[in-house]
Structure formats: structure tokens, C-alpha cells
Amino acid sequence: MGLFFVIPFVAFALILLFSVVKIVPQGREFTVERFGRYTKTLNPGIHILTPFIERVGRRMNMMEQVLDVPTQEVITKDNAMVKVDGIVFIQVIDAAAAAYRVDNLTYAISQLCMTNLRTVVGSMELDEVLSQRDSINTRLLHVIDSATAPWGVKVARIEIKDLTPPVDITNAMARQMKAERERRAVITEADGEKQAAIARAEGAKQSAILQSEGRKEAAFRDAEAREREAEAEARATTMVSDAIADGNVSAINYFVAQKYVEAFAELARSPQQKTVIVPTEMTALVGTIAGVGELVNMARQPHDAPRPAAQQQSAPARRAAPPRATGVPPTE
């Protein structure tokens, strides 16, 4: 009989103990109700409640949670149908407000995200919807965070997970992208040809300039060479003229011998010449060359030195016998 009474007493004591002593884990908060009315919130740790008067009302998750926004079809501003879904990150800040100000918190936030997503996407054109996801996320975050603030919930961020336009619009976009890529390729190729043509023109211009400068330099040097040659010829002519003025017949013989040799050389080099005329008396040519040598020796002597009496009284000029020509067949 004693054991019969002890076992129910122990069971009752255990039930009372578990109902009075509450351990709240980390990341959770419990609300306490007294006769059905909220009184306080239990933070993580061990707590003791008043037996038969207080009890735990709601067990709230205070960690950040991820809610999935169901896929829905939305009509854009330009009457295009797109399928949109997303995810929202929330965190309960006030456990009492999240527990008692809204029923089924996650469902309420999900429906709120869906309605605002239709509103935001419906106010934009399809191209804007596809290219401005960040703008959509920002607008949704601002609207939903303001709406969930009285519920004690903080919306951390909202992300558009997928945007699916219709198949025909997708095909049109693919063709448009292909045409745009081809247009850019043509423009790039034309630009490359333009740059190449400009480079070739610049190269031809630089080449023409360099060739012109080369011809200019060559002409300048040729003119300088002719000028020096003319100066040398003038000095030689002056020396010969002075020698002739002094009564030296050798100067005349020099000019005659020079012209004679030049004419004979041109006659020998002529490709149409069939017969070469040479003098029969080579002594005349030898005498002419001797006269040239005498003239050179005189040119080497100073102009202001007194001339010997024997040279002042020169012998009568000997006339060179006119050369007689004879036909000699040209040699190979």
C-alpha cells in the first residue's frame, strides 16, 4: 500500500518540476503567459515559473531564417508574362510582437513578398526587369521591411532567385543578342581596317618624306660636288690662262691634248663605231704629253719666282703635224 501511494507522488513531483523549471536554449526565446496573458519573455538559460499560474506561451526562433517565395507569373509594364520567384532572409527581433501581433508569421511574410513582387515587377518593362535585379531587390527590401517592423521582424535582404520570360520572348532575345554581336563584330572589323589603312597611309607618308629628304640630300651633295669640280676647273683654267699670258705654249698644247684624248676615247667607246681612227705618227701624241708634263712642272713652281732667261726666250712654237688617219678594223 505504501508503494502504491509513493509512485503517484513521485510522478506528480516530476511533472510539477518540469512544468516549473524551464531551460531556454541559445537562439530561442520563450514567452510566459499568466492565466493566458503575456507577462514576460524568457532569454536563453534556466528559469523557474510559478506553478499552476504561469506557463510557456510561444517558443520563438531568434536566429536568421530563410523563407522561400513561391513562383508566380507577373505581367510587366509592356504586357510580357514572366515567372518570378525569390528568397527572403528574416530575423525575429521582438519575440512578443512576432508571437502575438501576427498569426503564422512565415506565411504572412511569404504572402507579403509575393504581392509586393507583383507590384514592383508590374511597374517595370521586361528589359528593365531582366537587367535591374538589384533595383528590384532594393525596392522590395524597403517595402517589406517597413511592413514587417510592427511584427518585430527584421528583413535582412531579398533576392530574386529566378526570372523566366516566355519561350517566344526568349527566342527573340537570343536573335536580338546574335544580331547585336554580329553588328559589333562588323564595327570592330571595320574599325580594324580603318586603323590599318591609316597606318599604311602614315607609312607611305613617312616613306615619301624620307625619300624626298634623301633626294634633297643627294641633290645637295651632287651640286656641292659639281661646285667643287667647277672651282677646280676654274683654278686649272686660271693657271693655264696665266701660263698662256706669260707666253708658255705648253698650256695650249695641254688643252689640245686633253680634247684630243677625250674625243678619241668617245670614238672608241661608241657602240656604232665600225672603224677606229688612230694617229699614224705617235710622236705627235708623245710630244703633246711631254708638253703637258712641262706645264704641270711649271704649275708646281711659285708664281712669284723669277723665270730664267732661257725660259723667257722660248723657242718658236712647234706646230704639231696634223695626224693622218688610217682605217684600222676594230678589235673585239
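Further up the page is the structure itself.
Residues numbered from 1 in each chain as written. Predicted model: local features only at pLDDT ≥ 70, side-chain atom pairs only at ≥ 80, totals over all residues. Heavy atoms only, no water.

S.K.: Got a minute to help me understand the nonpolar core in this structure?
M.R.: If you look at soluble globular proteins, the nonpolar side chains tend to sit buried side by side. Val88, Leu105, Ile109, Ile136 and Val153 are the most contacted members of the largest nonpolar core, which has 36 residues in total. For this core, the element with the most residues is helix α3 (residues 105-122), which contributes 9 residues. Here Val153 is in contact with Ile90, Gln91, Val92, Ile93, Ala98, Leu105, Ile109, Asp145 and Thr148, once residues within four sequence places are set aside. (Core = buried A, V, L, I, M, F, W, Y, C linked by side-chain atoms within 4.5 Å. Buried < 20%, exposed > 50% of the residue type's maximum accessible area, 1.4 Å probe, protein only. Helix = DSSP H or I, 4+ residues; strand = E, 2+ residues; numbered from the N terminus. Contact = heavy atoms within 4.5 Å.)

S.K.: Got a minute to help me understand unusual backbone geometry in this structure?
M.R.: Glycine aside, a negative phi is what most residues show, and trans is what most peptide bonds show. One non-glycine residue, Asn79, lies in the positive phi region at around 60°. Here Asn79 is to be found in the loop between β6 (65-75) and β7 (81-92). Backbone geometry at Asn104 places phi at a positive 55°, although glycine is not the residue there. Looking at the element boundaries, Asn104 is found in the loop between α2 (95-100) and α3.

S.K.: What's the story with α3 in this structure? I'm lost.
M.R.: Side chains of residues three or four places apart in an α-helix project in the same direction, reflecting 3.6 residues per turn. Taking 1.5 Å per residue, 18 residues should reach 26 Å; α3 reaches 26 Å between its end C-alpha atoms and fits that length. Turning to α3, the residues buried within the fold contact β6, β7, α2, α4 (126-131), α5 (133-148) and β8 (153-164). (Expected span 1.5 Å × (residues − 1).)

S.K.: Would you mind going over the sheet that holds β6 with me for this structure?
M.R.: What links the strands of a sheet is backbone hydrogen bonding, and the strands pair in either a parallel or an antiparallel sense. Taken together, 3 strands build an open sheet; the order of strands is β6-β7-β8 and the sheet is antiparallel. Two strands lie at the open edges of the sheet, namely β6 and β8, each paired on one side alone. For this sheet the average axis-to-axis angle between neighbouring strands, irrespective of direction, equals 20°. Of the pairings in the sheet, the one linking β6 to β7 comprises 9 bridges and is antiparallel in character. Considered in β7, the bridge of Leu67 is made with Val88. Strands β6, β7 and β8 of the sheet are contacted by α3, whose axis makes an angle of about 35° with β6. (Pairing = 2+ DSSP bridges. Axes fitted to C-alpha atoms, helices over the stretch in contact; angles between N-to-C directions.)

S.K.: Looking at this structure, I do not really get the packing of aromatic side chains. What am I missing?
M.R.: Both the distance between ring centres and the angle between the ring planes are used here to describe each pair of aromatic rings. Applying the stated criterion across every chain, the model contains 1 aromatic pair. Arranged with centres 5.5 Å apart and planes meeting at 50°, the rings of Tyr38 and Tyr100 form a pair that is tilted. In this pair, Tyr38 sits in strand β3 (residues 37-42) while Tyr100 sits in helix α2, placing the two residues 62 residues apart along the sequence. The ring centre of Phe30 lies 4.9 Å from the NZ or CZ of Arg59, which sits over that ring. (Phe/Tyr/Trp six-rings, centres within 6.5 Å; stacked < 30°, edge-to-face > 60°. Lys NZ or Arg CZ within 6 Å of the ring centre and 35° of its normal.)

Read these as spatial facts, not as claims about activity.
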